[in-house]
Amino acid sequence: MGITYRVGVVGCGGMGRHHSRAWTEHPAAELVAAADINEQMAQKVADEFSIPTVYTDYNEMFRNADLDIVSIPTWQGIRAEITIAAANAGIKGIIGEKPMAASLGEADDMIEACERNGAKLAIGHQSRFTPPRTEIRRLVADGAIGQPTMFYDRTKPRAGLLNIGTHVIDRWRYILSDPETLWVIGQTSRTTDRWERRSRCEDLCVGLVCFEDGARGLYESDLPEPIVPISLITGTEGQIKQGGDGEILLQSEKASGWQTIQPPPEETNQYRELTDWMEGKVPEHRSSGRQARYTVEILMAIYESLRIKNVVTMPLETRESPLELMVADGTLPVLEEGRYDIRKPFPGQK
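Below is a short write-up of the structure. (Residues numbered from 1 in each chain as written. Predicted model: local features only at pLDDT ≥ 70, side-chain atom pairs only at ≥ 80, totals over all residues. Heavy atoms only, no water.)

**Some remarks on the pairing of strand β7 (residues 148-154)**
Item 1. Across 3 bridges, β7 lies against strand β13 (residues 233-235) in antiparallel orientation. From the neighbouring strand, Met150 faces β13, where its bridge partner is Thr234.
Item 2. By the bridge criterion, 5 bridges tie β7 to strand β12 (residues 216-221) in an arrangement that is parallel. Residue pairing across strands places Phe151 opposite Gly217, the latter belonging to β12. (Pairing = 2+ DSSP bridges. Helix = DSSP H or I, 4+ residues; strand = E, 2+ residues; numbered from the N terminus.)

Here it is, written out as structure tokens:
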């Protein structure tokens, strides 16, 4: 297959390197430009992946590089403005990282700009392309555990809802074949001035999500121990656990004991599926902007539940981040001074 797509990357940190490597492995792509406000970082990625042109201004890159596709693996707080600029510049394939955006309004603006300009927008929820997740989705859809009833996830400490919660909740939706959300209730605490990738971050939170047909997902982050041992997903007729080395453990009323299932290999990845979507070979990318928006909506609804002190009935109407609104109006005052970012220190901090 000859080279077809001219690809650029905006944001040359760790995920920028990951995206660059993936595009070099795509048989129909050529990396032609890299952009970062830190020219040294952009040049480092360009040197590693033989990218001929470096920019410190992404708008200049969009004007001059004649791109078909752009990867935007930046931090979430600036992803919306870059995505909108790319769509307005006529770039027809866009893939960003997760979380899609820092608020529901930003996610909506990204989708609107892409639809208006005929651009295909995908978000890098890469677990949708892992063999275990896809096989679990198939098993659940085929009724292997009856009617799904409950997910439970307790995240690693000090990770943040927008950082790690986006993986968890998108995984729930994918396994359930992307259902609608009925309601969300949550609780959040923020007494320190904690940030994550330059977006404000809670100290701890819990969320209960109800999907159509009644399946619930319980999310915990930084809550006190003990940890509850529970399966990945439980249903009316069985349960599924994640085994070692990518294996799936299935317990079902249809058979005695636990079955070990080795999932078949995945035939594509998120980058090839983007070009397939652009070419009309698939009806929609499995991690399209439309699907990623649902995940952002649930994340924001967990915050919104505390803000309104009630259950949030979907769809969520609040465009702004409810966490930001609560900080601004004093609902979540900082009681322990000292701004810090759990991902990368602010300038001048260690």
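**A few points about the pattern of salt bridges**
Item 1. What the rule picks out here adds up to 27 salt bridges.
Item 2. Arg116 is the partner of Glu112 in a salt bridge, and the nearest nitrogen-oxygen pair spans 2.9 Å. One end of the pair, Glu112, and the other, Arg116, are both in helix α5 (residues 104-117), 4 residues apart, so they sit about a helical turn from each other.
Item 3. Since its relative accessible area comes to 39%, Glu112 is described here as partly exposed.
Item 4. Of the charged contacts in the structure, one is a salt bridge between Glu273 and Arg286, with a shortest N-O distance of 3.0 Å. With a gap of 13 residues between them, Glu273 in helix α8 (residues 270-278) and Arg286 in the loop between α8 and α9 (289-308) connect regions that are remote in the sequence. (Salt bridge = Lys/Arg side-chain N within 4 Å of Asp/Glu carboxyl O. Buried < 20%, exposed > 50% of the residue type's maximum accessible area, 1.4 Å probe, protein only.)

**Side note on the sheet that holds strand β4 (residues 69-72)**
Item 1. Within the open sheet, the 6 strands sit side by side as β3-β2-β1-β4-β5-β6. Their pairing is parallel. Each having just a single partner strand, β3 (53-55) and β6 (120-123) make up the two edges of the open sheet. The sheet shows a mean angle of 25 degrees between the axes of neighbouring strands, taken without regard to direction.
Item 2. The sheet strands contacting helix α2 (residues 39-49) are β2 (29-35) and β3, and the helix crosses β3 at an angle near 160 degrees. (Axes fitted to C-alpha atoms, helices over the stretch in contact; angles between N-to-C directions. Contact = heavy atoms within 4.5 Å.)

**Let's talk about the pairing of strand β11 (residues 204-211)**
Item 1. In this structure, strand β8 (residues 181-189) lies alongside β11, joined through 8 bridges in antiparallel fashion. The residue of β11 that forms the bridge with Thr188 is Cys205.
Item 2. Both β11 and β12 contribute to a ladder of 6 bridges, which runs antiparallel. Note on β12: the bridge partner recorded for Val209 is Gly217.
Item 3. Where β11 folds back onto β12 in an antiparallel hairpin, the turn is made up of 4 residues, including Asp213, whose phi is positive at roughly 75 degrees.

**Let's talk about the state of the cysteines**
Item 1. Taken as a whole and judged by the stated rule, the model has 0 disulfides.
Item 2. Considering cysteine sulfurs only, Cys201 is the nearest to Cys205, which forms no disulfide, with 8.3 Å between them.
Item 3. Cys205 sits in the buried class, given a relative accessible area of 0%. (Disulfide = S-S within 2.5 Å.)

**Examining the side chain of His125**
Item 1. Take His125: it is sitting in the loop between β6 and α6 (131-141).
Item 2. What His125 contacts, discounting residues up to four positions off in sequence, is Lys98, Thr166, Asp170, Gln270, Ser287, Ala292 and Thr295.

**Structural notes on the sheet that holds strand β18 (residues 336-341)**
Item 1. Taken in spatial order, the 3 strands make up an open sheet running β10-β9-β18, and their pairing is mixed. Taken across any chain shown, the strands that pair with only one partner, and hence form the sheet edges, are β10 (199-200) and β18.
Item 2. Relative to β10, strand β9 (residues 192-196) is paired through 2 bridges, and the arrangement is antiparallel. In the sheet register, Glu196 faces β10, and the bridge partner there is Ser199.

**Here we look at the packing of helix α1 (residues 14-24) against α8**
Item 1. As a packed pair, α1 and α8 sit with axes 9 Å apart at the nearest point and diverge in direction by 60 degrees. One finds that α1 runs oblique with respect to α8. Facing α1, whose interface residues are His18, His19, Ala22 and Trp23, α8 presents Tyr271, Leu274 and Thr275.
Item 2. The residue inventory of the contact of α1 with α8, partitioned by class, reads 4 nonpolar, 3 polar and no charged. (Parallel < 35°, antiparallel > 145°, perpendicular 65-115°, else oblique. Nonpolar A, V, L, I, M, F, W, Y, C, P; charged D, E, K, R; others polar.)

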